[in-house]
Amino acid sequence: TLCISCVCPRPFFCLCFFIFVIFCFVCLFVWLLPHVHRYPSHLAPASSAALLVGIEFEKLQTTLHISALQLLTTITDNHIPTHNHIYCASFALQQRRAHPAQLDSLLGALESGDKDEVLVALASLANLPDSDAQLKASLGPKLIASLAKFLSKRSAELKEPRAEEFSCRALASLCADKAEANQMACVKAGVLASLCDILYRALPYPAAGTPGVETEPGAELGTQKMALYAVVQILTGSATAIGAALTAKAGAGTALPSVVLEHLSVPVRVVQEYAQSCVLQLTLAEGGRAAVAAHSLSKAGAREYRGVALLARLLASPKPSVVQRSLKILANLCVDEAARSAVAQDQSMLAHVTTMLGAGASDQDPNTKLSLLKLLNNMLHTAEDFDAVGAQDESLLGVLFACEQASAGSQEAVHAHICLQCWKLVANLVSSQQLQSEMVERHTKGVAALVAALSSAPMLDTRSECARAIANACRYYDEVRVAFYEAGAVQPLISLSAQQQHPQLSGVAVRALVNLALDYQRSGEVVSLQGAVPLILKLAMAPGAGDEHGVVAGAQQLLVNLSANQEAARALVTAGGGLAPFAKLLESSNGDVALRALKLFTNFTTQGVNRKWAHENGVAKRIEGMAKGGNEGVRAQAEMVLVNLSFPYDDDYTERRVDESGDVVVPE
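These figures come from a predicted structure and were not determined experimentally.

Engineer: I would appreciate a short explanation of the pattern of salt bridges in the present structure.
Structural biologist: Any two side chains of opposite charge can pair if their charged atoms end up close together. Counted by the stated rule, this structure contains 12 salt bridges. In this structure, the salt-bridge partner of D197 is R201, at a minimum N-O distance of 3.0 Å. A residue pair is termed a helical-turn pair when its members lie 3 or 4 positions apart in one helix, as D197 and R201 do in helix α11 (residues 191–201) at 4 residues. Here D197 falls in the partly exposed class, since its relative accessible area comes to 24%. Residue class for R201 comes out partly exposed when judged on its relative accessible area of 48%. Across the pair E273 and K319 runs a salt bridge, and its minimum N-O distance is 2.7 Å. A residue pair is termed long-range when its members are at least 10 positions apart, and E273 in helix α15 (residues 269–282) and K319 in the loop between α17 (308–314) and α18 (320–333) qualify at 46 residues. Residue classification places E273 among the buried residues on the basis of a relative accessible area of 15%. Taken together, the shared-partner salt bridges connect E164, D197 and R201 into one network.

Printed below as a string of structure tokens:
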């Protein structure tokens, strides 16, 4: 500094200039360093890895990425010039700037006799960005054709597991996010058969330990894991691919569903989970469900647990995702009767699922709870099933009521679907006579919750299931009907009956009212509600054509049941403006409508004033004609009306009124 100060009057600026010159030389050296012909050996691994993963290096998490890095770190500086074009193409592909010539160089490398060159090319293809739809669409079909050819021929020659692992990962990446064109390309190229062969060669596995627990922590099984993952991605959302998977076979002739099912027993958690995902996709098709059922019922092999039994054991897994997949698979299986029988053979399944549903109802994972309910709804499919539950497991209703109440803290959408599944199952169960009495004797809070959901549930489907539950529960016992009358079920049912824009919901609500009105002593409460009688008459008198949901037929039967109560019968006649509207039903050519009209007049003609009207307006003659023709039921009912009409009646009812007891009173 002293020297510089002697020469230059501004030493500070000279010092800065000197530092700047040195900095420029350093930058030039750093820029030239990557362009020298040879690398120092200690730089080769890091540079190679950077070429493979580009700017995403910090995000590497999967086993595949780690394997790719391990592969490239074994390449010494002597390999770099030989594979330079492969690295350039790889880097360009990762940066989404690969041109056709570079892609061709990667695909051409698959035919190379150099194992390292093949592996580098495959590792590059395996790291395709999963979310880049445009890249996958443009490169997919060509890459898939080359990878399919490689898997069917070259992979066996190389005898290198990583080659198959990287190929499977590349195929999975190309088909991710339901890339339909690439999924179809895989089907066309026979990729599923190649994947089936890879999985078949891995069999048999050693006997599994505790389901869902990895008993071999050191076992990577990367090839099998990636093959299963590729199958999942090819099948997801594609009915065509699922159909092709059912016929795909390994070289030994074993079908893909059986091979995948055998992988459920592998004691490595990640392989089990991918195998589960494959089975879940397969069970979306009828053929897949049949294949799983056949495998479950087969006695081949020495394994104690197969198919459904193994899925049932996986319900004990500590991982919610494993439990939910097993439940979804079992629920899918129960859609078909043949497959459902395979599930039903496990005698403890129902008790186990019920226990799971009841255990920790307040803090149970909502999605697991929803899957359990769906499984139960599919398992309990026939009247025999419901009767069996009523006879053997009377605690299920209580579990369902508790489950519905406990789900209130869940997310709104999940809670809504839990309620739907709960009330759907309750509606099915209470069709059993054993459970109808239990419902009102032991679960009065459940009855109140059911009525509350009838009017407040956010989903119309849920309200429909609540109405169906009331209709089923009120078929036999007056004490059950009384419980629903006292819980206030009539008013919301009347409101739902008026939902003409939703005829299915209206029809179910009307049927519930029909069964409630079988309690003749309290049926007057229905007609006493404001607007109820005009609504019922409107529904009953509507044209019967197109009555798919039974709204008109149900309303007519409701009139029959209500008319058995004297007070209700008078209210109906008054609201209808006399008997003329009801007499029109007798003219129907539909035998069922005519039969209901005759039952209605059977009840009406117990009163003298109505007998008088029937004789004076030709209704009696009409009924006499019906007693001589029509079907047997119509004839028998017409004769009953004629018996009532044969009783005497007074000539004049003009100034007469009816007292509270139902007797006609003549004023003094």
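Engineer: Please explain helix α9 (residues 161–175) as it appears in this structure.
Structural biologist: Each α-helix winds once per 3.6 residues, and so residues spaced three or four apart point in a common direction. Taking 1.5 Å per residue as the helical rise, α9 with its 15 residues ought to reach 21 Å, and the 22 Å between its terminal C-alpha atoms agrees with that figure. The buried count for α9 comes to 13 of 15 residues, which makes it a mostly enclosed element. Positive backbone phi, at 60 degrees, marks D177, one or two positions downstream of α9.

Engineer: Just checking my understanding: could you explain the packing of helix α21 (residues 366–379) against helix α23 (residues 396–406) for this structure?
Structural biologist: Helix packing for two helices is described by the angle between their axes and how far apart those axes are. As a packed pair, α21 and α23 sit with axes 12 Å apart at the nearest point and diverge in direction by 145 degrees. When you trace α21 past α23, the crossing you get is left-handed. Taken together, the residues of α23 that come into contact with α21 (itself represented by K369, L373 and L376) are L396, L400, C403 and A406. The residue inventory of the contact of α21 with α23, partitioned by class, reads 6 nonpolar, no polar and 1 charged.

Engineer: Quick question: what am I supposed to make of the confidence of the model for the protein here?
Structural biologist: Keep in mind that low pLDDT regions are not for reading the predicted coordinates in detail. Averaged over all residues, the pLDDT of the protein equals 77, while 74% of them reach at least 70. Confidence drops under a pLDDT of 50 for residues 1–7, and excluding neighbours within four residues, the segment shows 3 contacts in the predicted structure. Here residues 658–668 scores under 50 on pLDDT; set against residues more than four positions off or in separate chains, the count is 12 contacts.

About the cut-offs
The numbering scheme is per chain: residues are counted from 1 as the chain's sequence reads. pLDDT decides what is reported in this predicted model: residues at 70 or higher carry local features, side-chain atom pairs at 80 or more are listed and counted, and totals for whole chains, interfaces and linings draw on all residues regardless. Hydrogens and waters are ignored; side-chain quantities use all the structure's heavy atoms. In what follows, salt bridge is the name for a side-chain nitrogen of Lys or Arg lying within 4 Å of a carboxyl oxygen of Asp or Glu. Here a strand is any run of E in DSSP of at least two residues, a helix any run of H or I of at least four, and the numbering for each starts at the N terminus. Relative accessible area decides the class of each residue, using a 1.4 Å probe on protein chains only: under 20% of the type maximum gives buried, over 50% gives exposed, and in between gives partly exposed. Expected span, for any helix, means 1.5 Å times one less than how many residues it has. To get an axis, fit a line to the C-alpha atoms, keeping to the stretch in contact for a helix; angles then go from 0 to 180 degrees between the N-to-C directions. We call a crossing left-handed when the near helix sits turned anticlockwise from the far one by less than a right angle, and right-handed when that turn is clockwise. Should any heavy atoms of two residues lie within 4.5 Å, those residues are considered in contact. Here the term charged refers only to Asp, Glu, Lys and Arg, the term nonpolar to Ala, Val, Leu, Ile, Met, Phe, Trp, Tyr, Cys and Pro, and the term polar to all other amino acids, Gly among them. Confidence scores labelled pLDDT are given residue by residue by the predictor and lie between 0 and 100.

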